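Residues per chain are reported as follows:
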Amino acid sequence: SRPAKSCPRTADCSTASRTYRRCSQRAEVKMLGILLCSALCADGRGAALARQPSRMSVRMSSSVPPPDSAPAAWSSMRSLAERVRTLQSVEVEHLMAFHNPKLGGFVVDPQHPHRVSVLSTCNVVRAMLTNKEPWAKVFGADIDVDQMLTALLDAQWAFDPLQTPVALAGIISLQAGLPDHPKAHLALAHTCLSVFRSASLDPPDLQLGTAGVVDEHSAAGMPISRAALLEGREALNVGALVPGEDGRPPPSAYLRYQCAHALCELVKRAGWQPTGDAYLSPRMGEIRAALERAAIDAYRSLCEQMALRAARADEGSDPVRLTYDLCTYYEAASVLQKSTGIFAKPTRAPKVNLKLTAHILGAIFALQKESGLWPKGEPIASRFPTRDLGNSFVFSFDMLGELLMTIGEEQPALFREHLFSIERAVSWAESSIVESSGTAAWYAAREPDAPQEMPPGVTRGWRSSHLTEAAGPLCWSSAQVYSALSSARCLLRKLSAETVLSEFRATRVSERSTRLFDSLMDSEVQLAAVGNGGGNGEGDSDSLKRILLRDILEPLADAPAGRPFQEVDMEKSAKFSAILYGPPGTAKSTVCEAVARHLGWPLLTIDTADLLAAGLEQVAGRMTYIFEKLIALERTVILFDEIEEFCLDRSEGTLSMESRMLTTAMLTQLNDLRRKQRCVFFVATNRITAFDMAVTRPGRFDMILMVGTPSLKARVDRLNAKLAGCSLGKQDSELREVLTGVLKDTWTSELQFFNFMENEQLLNALVNAAAKAAAEGRTPMSLFAESRDIITSLASRIVLRGGARDEYVSSRALSRV
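Residues numbered from 1 in each chain as written. Predicted model: local features only at pLDDT ≥ 70, side-chain atom pairs only at ≥ 80, totals over all residues. Heavy atoms only, no water.

## Overview of the overall build of the protein chain
Part 1: Check the secondary structure of the protein chain and you find 33 helices and 11 strands.
Part 2: Looking at the 817 residues of the protein chain, the share that counts as buried comes to 54%.
Part 3: Partitioning the intrachain contacts of the protein chain with sequence separation of at least 6 by distance along the chain shows that 76% fall at a separation of at least 24.
Part 4: Summed over its atoms, the accessible surface of the protein chain is roughly 35600 Å², and 51% of this surface lies on carbon and sulfur atoms. (Helix = DSSP H or I, 4+ residues; strand = E, 2+ residues; numbered from the N terminus. Buried < 20%, exposed > 50% of the residue type's maximum accessible area, 1.4 Å probe, protein only. Contact = heavy atoms within 4.5 Å. Areas by Shrake-Rupley, 256 points an atom, 1.4 Å probe, with all protein chains shown as cover.)

Quick look at the structure:
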């Protein structure tokens with residue numbers, strides 16, 4: 001990355017060289033820096049660039065508005081999300097206008113309904129997958145997934161570089177894997193070779209490695225894909241030419257991404273070791289080689305473009321190439337990192353560099369036009385053998401959707417500074433809806449010779465901005481807009497949630513861990529005689545940890561990330577809210593933290609201070625403000641800690657009107673939060689009897705659980721754990737038996753009322769007494785008497801004494817699940 005030794009303007013080119021090194025930092029593109037510097041010297045731009053070192057950075061960020069005008073505030077994000085939701089509210093209605101129920105697929109234009117469009121159907125499939133909840137209502141009734149898959153496979157395929165990978169990704173999504181079909185097999189081979197750009201199709205001998213996977217040396221030659229391509233061509237009687245054949249050019253950035261994305265979709269669903277698939281298993285080595293080539297080519301292209309962009313101050317920047325090279329590099333590199341340990345050698349693909357990714361995103365959004373769209377950029381392809389797509393360009397919403405889905409889903413923070421650009425794109429979508437008369441179903445049902453009549457229904461949607469002729473909406477354009485809107489709404493939801501978590505100082509959880517939950521001392525839960533689906537009779541009891549595992553942790557921990565719980569089958573058995581009551585010192589807050597760590601979710605705590613932050617006079621408004629933000633959260637554990645003053649019993653004659661109104665408002669807010677079923681929330685209290693009856697009635701909370709003192713079994717296990725590191729000599733077993741007997745003998749009278757910290761103090765004293773007795777050679781009976789004395793002494797200082805103990809005993813039967 002240094003200027004050439006013969007360069008006469010080394011000093012003049014230093015700025016370009018330094019900028020380039022920051023962008024690339026890779027040996028693979030070292031020669032590009034030399035060529036760049038030589039080019040600058042040849043036309044004299046190096047000196048001009050050196051005199052204006054700050055111009056690049058200004059122009060690269062010119063589309064990012066000042067902080068006060070960007071919709072980065074939480075209320076602005078929620079407003080933008082509502083606009084997106086409004087557009088999405090008619091998604092199913094709009095796209096179903098392109099559906100031909102007889103054929104089971106989607107058509108490009110409703111007025112030409114007799115041929116299923118492979119690209120349009122695949123784009124609709126992607127829109128369905130990004131917005132599953134409304135589409136779930138039409139599955140089975142108006143749309144049959146199996147029929148759609150059959151329609152795709154039965155449709156006429158051109159097997160060109162555009163249709164093939166898009167169709168492959170579509171059928172993989174519908175099948176949740178690779179269908180056992182000749183077209184699917186040919187499409188996989190065609191896609192691998194399109195990325196790999198191999199001109200020779202002579203199939204060499206195959207060398208299979210372990211587990212039936214082609215070894216890495218053989219995979220570099222793509223022998224299986226080449227053999228499958230030749231076989232598929234002959235069987236289906238199609239051309240299916242790949243780059244390198246008959247002078248075909250290398251794939252564009254767009255086509256390379258479509259190929260890499262299809263292969264990534266296959267790997268995500270089948271895994272790197274599809275042991276149950278005899279067809280896929282030997283092909284994973286070649287799929288890996290193809291993805292490596294895609295990631296490396298995309299990375300090199302990015303480095304070249306960013307270097308030229310920095311050196312020429314935005315001249316010649318292509319948003320299409322930048323977008324699809326970035327998506328290819330990010331997605332392929334991410335998937336390839338998961339292959340480590342499966343293959344003998346680590347992947348050659350570059351690792352994901354978030355700083356470089358953020359820098360490229362800034363360049364892409366800097367090139368956005370005022371209309372919210374992007375310039376045409378690189379064509380999809382120069383020519384196809386079967387279809388004239390030489391003048392076809394990428395629709396801007398396809399670009400935006402891929403960025404948001406590929407990168408925004410995992411790294412939403414990278415898009416926070418570009419929300420203004422996303423808002424401009426949404427404004428274009430709001431103002432650019434077009435319509436035409438009739439739907440595909442109506443045109444398909446109309447008799448050819450029937451008299452012309454006004455077609456019922458209207459088809460609404462979008463048309464690519466690159467199609468200059470005035471006409472109605474197209475299916476693929478409309479589906480791409482809706483996919484981008486779904487990804488934008490998901491992004492806004494995540495950014496809004498992140499804003500709320502930061503404002504209320506939530507505890508972040510980097511990864512799931514059961515350590516804290518496993519270390520909790522369990523307690524017994526005495527269920528009420530009549531529960532809401534809980535105990536089967538009077539006196540039924542269960543374990544607190546067992547209830548939490550069964551009703552919250554196991555169902556929700558298995559729910560796929562990124563999907564609303566309403567879409568998950570296990571949602572019916574999951575519980576989302578609970579009141580945790582019990583005396584002080586029983587680790588109610590720790591239980592909530594353990595649940596959060598077990599799920600891998602952040603923990604947000606709301607207490608009285610948060611509700612009174614704006615003053616006593618503004619508490620009602622503050623309550624509305626807080627819950628409005630809490631409802632926007634998802635996959636978060638929320639703890640309302642000791643908020644009894646806002647849920648007081650309204651039947652109390654001494655209660656003021658303001659307190660009664662606060663209780664009513666709190667009940668409404670809690671009910672709204674519970675119905676969303678996006679978060680798990682707990683209300684922790686020491687005084688459940690102070691709550692209004694409406695708070696504890698069945699249906700208000702999913703569960704009411706007493707977090708009591710540790711159970712006898714938990715205490716014995718804890719004692720044995722402490723004794724494990726202590727040697728008691730010849731009387732080891734007898735002394736251990738004595739201590740266990742003391743705990744059992746005093747359980748009913750005293751021990752059951754020791755909370756966690758008091759129990760720790762007691763067990764430490766008992767272990768010390770046992771060690772001392774063993775050292776002095778005293779009899780086990782002397783230890784028994786001493787242990788009883790220790791328990792009696794400590795019992796006089798515990799929290800649960802007198803009236804507190806009576807209240808504790810009487811409240812045990814209030815639990816229900």
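This is not the end of the story, as more comes after the structure.
## Comments concerning the packing of helix α10 (residues 163-175) against helix α11 (residues 182-196)
Part 1: Running from N to C, α10 and α11 point in directions that differ by 125°, and their axes come no closer than 9 Å. By the angle between their directions, the pair α10 and α11 is classed as oblique. Our pair here, α10 against α11, has a crossing hand that is left-handed. Residues Thr164, Pro165, Leu168 and Ile171 of α10 pack against Ala184, Ala187, Leu188, His190 and Thr191 of α11.
Part 2: Of the residues belonging to the contact of α10 with α11, the class tally is 6 nonpolar, 3 polar and no charged. (Axes fitted to C-alpha atoms, helices over the stretch in contact; angles between N-to-C directions. Parallel < 35°, antiparallel > 145°, perpendicular 65-115°, else oblique. Left-handed = near helix turned anticlockwise from the far one by under 90°. Nonpolar A, V, L, I, M, F, W, Y, C, P; charged D, E, K, R; others polar.)

## Quick notes on the sheet that holds strand β8 (residues 603-607)
Across a sheet, paired strands are connected by hydrogen bonds in the backbone, their directions being either parallel or antiparallel.
Part 1: If you trace the 5 strands from one edge of the open sheet to the other, you get β8-β9-β10-β7-β11, paired in parallel fashion. At either margin of the open sheet sits one strand with a lone partner, and together these are β8 and β11 (703-706). For this sheet, the mean inter-axis angle between neighbouring strands, taken without regard to orientation, is 20°.
Part 2: Strand direction decides the pairing type here: strand β9 (residues 637-641) and strand β10 (residues 680-685), joined by 5 bridges, are parallel. Each residue of the ladder has a partner; that of Leu639, found in β10, is Phe682. (Pairing = 2+ DSSP bridges.)

## Side note on the pattern of salt bridges
Part 1: Following the criterion strictly, the structure yields 30 salt bridges and no others.
Part 2: In this structure, Arg85 and Glu82 form a salt bridge, with 2.7 Å as the shortest nitrogen-oxygen distance. Placement of both Arg85 and Glu82 in helix α5 (residues 74-88) is noted, with a separation of 3 residues, approximately one turn of the helix.
Part 3: Glu82 gets classed as partly exposed once you look at its relative accessible area, which sits at 38%.
Part 4: Between Asp542 and Arg546 there is a salt bridge, with the nearest N and O atoms lying 2.8 Å from each other.
Part 5: Salt bridges sharing partners connect three or more residues here, namely Asp542, Arg546, Arg550, Asp551 and Lys575. (Salt bridge = Lys/Arg side-chain N within 4 Å of Asp/Glu carboxyl O.)

## Comments concerning the packing of aromatic side chains
Ring pairs (aromatic) are described by centroid distance and by the angle formed between their planes.
Part 1: One pass over the structure, following the stated rule, counts 16 aromatic pairs.
Part 2: A centroid spacing of 4.8 Å and a plane angle of 80° characterise the contact between Tyr254 and Tyr324, whose relative ring orientation is edge-to-face. Remark: Tyr324 occurs in helix α16 (residues 319-337) and Tyr254 occurs in helix α14 (residues 253-270); sequence separation between them is 70 residues.
Part 3: Here Tyr254 falls in the buried class, since its relative accessible area comes to 6%.
Part 4: Relative to Phe415, the ring of Phe365 has its centre 6.2 Å away and its plane inclined at 85°; by these criteria the two rings are edge-to-face. (Phe/Tyr/Trp six-rings, centres within 6.5 Å; stacked < 30°, edge-to-face > 60°.)

## Overview of α10
Residues that lie three or four places apart on an α-helix share one face, since the helix turns once every 3.6 residues.
Part 1: Helix length check: α10 (13 residues) gives 18 Å between terminal C-alpha atoms against 18 Å at 1.5 Å per residue, within 8%.
Part 2: Burial analysis of α10 places 12 of its 13 residues in the buried class, which makes it a mostly covered element.
Part 3: Regarding α10, the residues found buried are Gln163, Thr164, Pro165, Val166, Ala167, Leu168, Ala169, Gly170, Ile171, Ile172, Ser173 and Leu174.
Part 4: Looking one or two residues beyond α10, the residue adopting positive phi is Ala176, at roughly 60°. (Expected span 1.5 Å × (residues − 1).)

## Focus: the nonpolar core
Part 1: If you look at the biggest cluster of nonpolar residues, it comprises 125 residues, and the most contacted ones within it are Ile287, Leu291 and Phe397.
Part 2: A total of 12 residues in this core trace back to one element, the largest contributor, which is helix α15 (residues 284-312).
Part 3: Setting aside residues up to four positions removed in sequence, Leu291 forms contacts with Ala260, Leu263, Cys264, Val267, Trp272, Ala332, Val335 and Leu336.
Part 4: Counting residues in hydrophobic clusters, the runner-up holds 67 residues, among them Trp74, Leu501, Phe640 and Leu673. (Core = buried A, V, L, I, M, F, W, Y, C linked by side-chain atoms within 4.5 Å.)

## Some points on the side chain of Asn759
Part 1: Among the structural elements, Asn759 can be located in helix α31 (residues 756-776).
Part 2: By relative accessible area, Asn759 is classed as buried at 0%.
Part 3: Leave out the neighbours within four places in its chain, and Asn759 touches Met521, Arg715, Leu751 and Phe754.

## A look at helix α9 (residues 145-154)
Part 1: Along α9, the positions that sit buried rather than exposed are Met148, Leu149, Ala151, Leu152 and Leu153.
Part 2: Along its buried surface, α9 packs onto β2 (105-106), α7 (118-130), α10 and α11.
Part 3: Sitting at the head of α9, Asp144 places a side-chain oxygen 2.9 Å from the backbone nitrogen of Asp146. (Polar contact = N/O pair within 3.5 Å; in protein donor to acceptor, adjacent residues only side chain to side chain.)

## Let's talk about the pairing of strand β4 (residues 458-461)
Part 1: Here β4 shows one buried face, formed by Thr459 and Gly461, and one open face, formed by Val458 and Arg460.
Part 2: Of the pairings in the sheet, the one linking strand β3 (residues 434-437) to β4 comprises 4 bridges and is antiparallel in character. Along β4, the bridge assignment pairs Val434 with Gly461.

## Considering unusual backbone geometry
Part 1: One non-glycine residue with positive phi stands out, namely Ala176, at about 60°.
Part 2: With respect to the helices and strands, Ala176 occurs in the loop between α10 and α11.
Part 3: The backbone of Glu642 sits at a positive phi, close to 55°, despite the residue not being glycine.
Part 4: Among the structural elements, Glu642 can be located in the loop between β9 and α27 (657-676).

## What to know about the environment of Ala184
Part 1: The topology assignment puts Ala184 in helix α11.
Part 2: Ala184 sits in the buried class, given a relative accessible area of 0%.
Part 3: The spatial distance from the C-alpha of Ala184 to the C-alpha of Ala167 is 8.7 Å, given a sequence separation of 17 residues.
Part 4: What Ala184 contacts, discounting residues up to four positions off in sequence, is Leu168, Ile171, Leu178 and Pro179.

## Here's the deal with the confidence of the model for the protein chain
Part 1: The pLDDT averaged across the protein chain works out to 82; a share of 82% of its residues lies at or above 70.
Part 2: Confidence drops under a pLDDT of 50 for residues 531-537, and excluding neighbours within four residues, the segment shows 11 contacts in the predicted structure.
Part 3: Taken as a whole, residues 567-571 scores under 50 in pLDDT and shows 12 contacts with residues more than four places along the chain or in a different chain. (pLDDT = per-residue confidence, 0-100.)

## As for the environment of Val707
Part 1: If you trace the backbone, Val707 turns up in the loop between β11 and α29 (712-723).
Part 2: What makes Val707 buried here is its relative accessible area of 2%.
Part 3: A sequence separation of 163 residues divides Val707 from Leu544, and the C-alpha atoms of the two residues are 7.2 Å apart.
Part 4: The contact partners of Val707, leaving out residues within four places of it in the chain, are Ser523, Leu544, Leu580, Tyr581, Gly582, Pro583, Thr586, Lys588 and Val591.

## Concerning the packing of α29 against α31
Part 1: With their axes 10 Å apart at the nearest point, α29 and α31 run at an angle of 45° to one another. Between α29 and α31, the angle falls in the class oblique. Helix-helix and strand crossings are classified by hand; for α29 and α31 the assignment is right-handed. Facing α29, whose interface residues are Arg715, Arg718, Leu719, Lys722 and Leu723, α31 presents Phe756, Asn759, Glu760, Leu763, Asn764 and Val767.

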